[in-house]
Amino acid sequence: MTLLFVLGCVFFPLGFAVLRWGLQNHSSLKMERQEAVLVASKLVSSVQAIMASTAGYIVSTSCKHIIDDQHWLSSAYTQFAVPYFIYDIYAMFLCHWHKHQVKGHGGEDGTPKALGSTWAVVRGYLHKEFLMVLHHATMVLVCFPLSVVWRQGKGDFFLGCMLMAEVSTPFVCLGKILIQYKQQHTLLHKVNGALMLLSFLCCRVLLFPYLYWAYGRHAGLPLLSVPLAIPAHVNLGAALLLAPQLYWFFLICRGACRLFRPRGSPPTSPCQTQD
């Protein structure tokens with residue numbers, strides 16, 4: 001466990017540093033520091049998502065008995081991926097920091113003008129990314145200990161399915177990169193937006209009803225009877241995990257309304273009138 005955790009602590013920050021350096025120094029790219037930080041962070045997130053969803057697919061398809069079957073990847077990848085959430089909090093802050101500097105709040109050398117300015121950046125970051133920081137902190141401080149200790153080797157199938165929620169992340173990352181380069185008008189951005197919406201709906205929102213249905217099929221229960229048949233804390237945990245997914249899906253749908261609205265047409269629905 002310690003070795004995999006340490007490996008994760010090295011892999012994600014090192015991957016970010018190497019990618020950022022390459023994007024800034026490659027002769028055909030020569031990105032500005034702010035651009036390189038954003039693109040490198042999204043590439044690392046996409047790599048993690050691909051690894052997580054691949055591991056999740058292998059685990060979930062290998063577990064025929066959804067309660068008792070085990071697969072070594074379920075615990076191994078969980079231990080390896082925990083440092084990613086800690087790293088990503090820092091990477092998101094770096095993106096916010098450089099965006100703040102570009103707006104003219106930093107000194108000539110890229111450092112903050114004053115300590116008060118530094119705290120203003122931190123407060124702005126926590127205000128803007130509060131839900132994501134809370135999500136990452138929960139993954140590290142709550143979900144990881146529960147998956148290692150509380151499960152006692154049971155339910156690898158469910159953990160594998162949860163890992164597959166990361167399928168949507170590469171589309172989210174590509175969307176942010178395209179927005180950074182003001183490519184919202186392109187066909188690529190529209191296709192990516194549609195894939196992001198579909199993958200997020202299937203792998204993050206509908207995932208929870210599917211897990212309830214899978215348990216009901218295993219226990220011989222109809223879907224609507226499952227919440228009454230499992231412990232209340234399991235329902236509470238599922239609800240807490242689902243809540244931010246529903247909020248983010250609402251934001252994606254709102255963005256899709258703007259993306260696919262004909263150019264020049266006035267807003268005609270609630271999702272088109274919100275920024």
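The shown structure was predicted, so the numbers you read here are calculated from the model rather than taken from an experiment. Along each chain, residues carry numbers from 1 onward, in the same order as the chain's sequence is written. Residue-level local features of this predicted model are given only where pLDDT is at least 70; pairs of side-chain atoms are given and counted only at 80 or more, and the full residue set underlies all totals for whole chains, interfaces and linings. The basis for every side-chain value is the complete set of non-hydrogen atoms in the structure, without hydrogens or water.

(A) Structural view of the overall build of the protein chain. Check the secondary structure of the protein chain and you find twelve helices and zero strands. Listing each helix as α and each strand as β along the protein chain from the N terminus yields α-α-α-α-α-α-α-α-α-α-α-α. Burial classes follow relative accessibility: with a 1.4 Å probe on protein chains only, a residue under 20% of its type's maximum area counts as buried, one over 50% as exposed, and anything between as partly exposed. Among the 275 residues that make up the protein chain, the fraction classed as buried is 39%. By the convention used here, residues are in contact when the closest approach between their heavy atoms is within 4.5 Å. Across the protein chain, every contact between residues at least 6 apart in sequence was considered, and the portion connecting residues at least 24 apart equals 72%. Total accessible area on the protein chain stands at roughly 15700 Å², and carbon and sulfur atoms take up 70% of it. Each helix is a run of DSSP H or I of at least 4 residues and each strand a run of E of at least 2, with the numbering of both proceeding from the N terminus. In this description, accessible areas are obtained by the Shrake-Rupley approach with a 1.4 Å probe, and a residue is regarded as covered only by the protein chains that are shown.

(B) Representation of a nonpolar patch on the surface within the structure. On the surface, a cluster of nonpolar side chains totalling about 500 Å² of accessible area is made up of F5, V6, V10, L14, V18 and I86. Ranked by residues supplied to the nonpolar patch, first place goes to helix α1 (residues 2-25) with five residues. The class for V6 is partly exposed, based on a relative accessible area of 41%. Distance thresholds for patches are 9 Å for like charges and 5 Å for nonpolar side chains (Val, Leu, Ile, Met, Phe, Trp, Tyr), applied to residues having over 30% relative accessible area and no salt bridge. Any Lys or Arg side-chain nitrogen found within 4 Å of a carboxyl oxygen on Asp or Glu counts as a salt bridge.

(C) The pattern of salt bridges, seen in detail. One pass over the structure, following the stated rule, counts three salt bridges. Put simply, R151 and D156 hold a salt bridge, and the shortest N to O gap is 2.7 Å.

(D) The arrangement of the UniProt feature "transmembrane region" (unreviewed entry) in the protein chain in detail. Taken from the UniProt record, the annotation "transmembrane region" (unreviewed entry) applies to residues 76-95, 130-151, 157-179, 191-212 and 232-253. Secondary structure over residues 76-95 splits into 100% helix and 0% strand, and the C-alpha atoms at its two ends are 30 Å apart. As a span, residues 157-179 carries 78% helix and 0% strand, and end to end its C-alpha atoms are 36 Å apart. UniProt positions are given in the numbering used here, feature names are shortened, and annotations may be inferred rather than shown by experiment.

(E) Summary view of the packing of helix α2 (residues 33-62) against helix α6 (residues 156-163). Fitted lines through C-alpha atoms serve as axes, helices being fitted only where they are in contact, and the angles separating the N-to-C directions of these axes extend from 0 to 180 degrees. Between α2 and α6, the shortest axis-to-axis distance is 7 Å and the interhelical angle comes to 150°. Classified by the interaxial angle, the pair formed by α2 and α6 is roughly antiparallel. Seen from above, α2 lies across α6 with left-handed handedness. Every residue of α6 that contacts α2 at A52, S53, G56, V59 and S60 is listed here: D156, F157, G160, C161 and L163. Roughly parallel means an angle under 35 degrees; roughly antiparallel, over 145; roughly perpendicular, 65 to 115; everything else is oblique. With the far helix as reference, a near helix turned anticlockwise by less than a right angle produces a left-handed crossing, and one turned clockwise produces a right-handed crossing.

(F) Seen up close, the environment of Q180. For Q180, the position within the fold is in helix α7 (residues 169-180). Judged by its relative accessible area of 26%, Q180 falls in the partly exposed class. Among residues more than four places away in sequence, those in contact with Q180 are Q34, E35 and L38.

(G) Fine view of the nonpolar core. The criterion is simple. A nonpolar core is a set of buried Ala, Val, Leu, Ile, Met, Phe, Trp, Tyr and Cys residues joined through side-chain atoms within 4.5 Å. Counting residues in hydrophobic clusters, the biggest one holds 43 residues, and the most contacted among them are F12, F16, L23, Y77, Y87, F157 and L207. Top contributing element to this core by residue count: helix α3 (residues 72-105), with eleven residues.

(H) Structural detail: the packing of aromatic side chains. Side-chain rings of Phe, Tyr and Trp (the six-membered ring for Trp) are treated as a pair once their centres are within 6.5 Å; stacked means planes under 30 degrees apart, edge-to-face means over 60, and tilted covers the remaining angles. One pass over the structure, following the stated rule, counts 13 aromatic pairs. On the numbers, 5.9 Å between centres and 45° between planes, the contact of Y84 with Y87 is tilted. Residue Y84 and its partner Y87 are located together in helix α3, separated by three residues, close to a single helical turn. With respect to class, Y84 is no different from Y87; both count as buried. Between F93 and Y125, the ring centres sit 5.3 Å apart and the planes meet at 75°, which makes this aromatic pair edge-to-face. With F93 in helix α3 and Y125 in helix α4 (residues 115-128), this pair connects stretches of sequence that are 32 residues apart. You'll find F93 and Y125 in the same group, each marked buried. The rings of F11, F12, F16, Y77, F80, Y84, F85 and Y87 are connected pair by pair, giving a single aromatic cluster.

(I) Representation of the side chain of S53 in the model. Checked against the element boundaries, S53 lands in helix α2. Residues adjacent in sequence count toward polar contacts only when both atoms are side-chain atoms; beyond that, a polar contact is any pair of N or O atoms within 3.5 Å, and within protein one must be able to donate a hydrogen and the other to accept it. Of the polar contacts made by the side chain of S53, one reaches the backbone oxygen of I50; its length is 3.2 Å.

(J) Here's a closer look at unusual backbone geometry. Despite not being glycine, K30 has its phi angle at roughly 50°, a positive value. Tracing the sequence through the fold places K30 in the loop between α1 and α2. Here K30 falls in the exposed class, since its relative accessible area comes to 51%. The backbone phi angle of Q152 is positive, close to 55°, even though this residue is not glycine. Secondary-structure assignment places Q152 in the loop between α5 (130-150) and α6.

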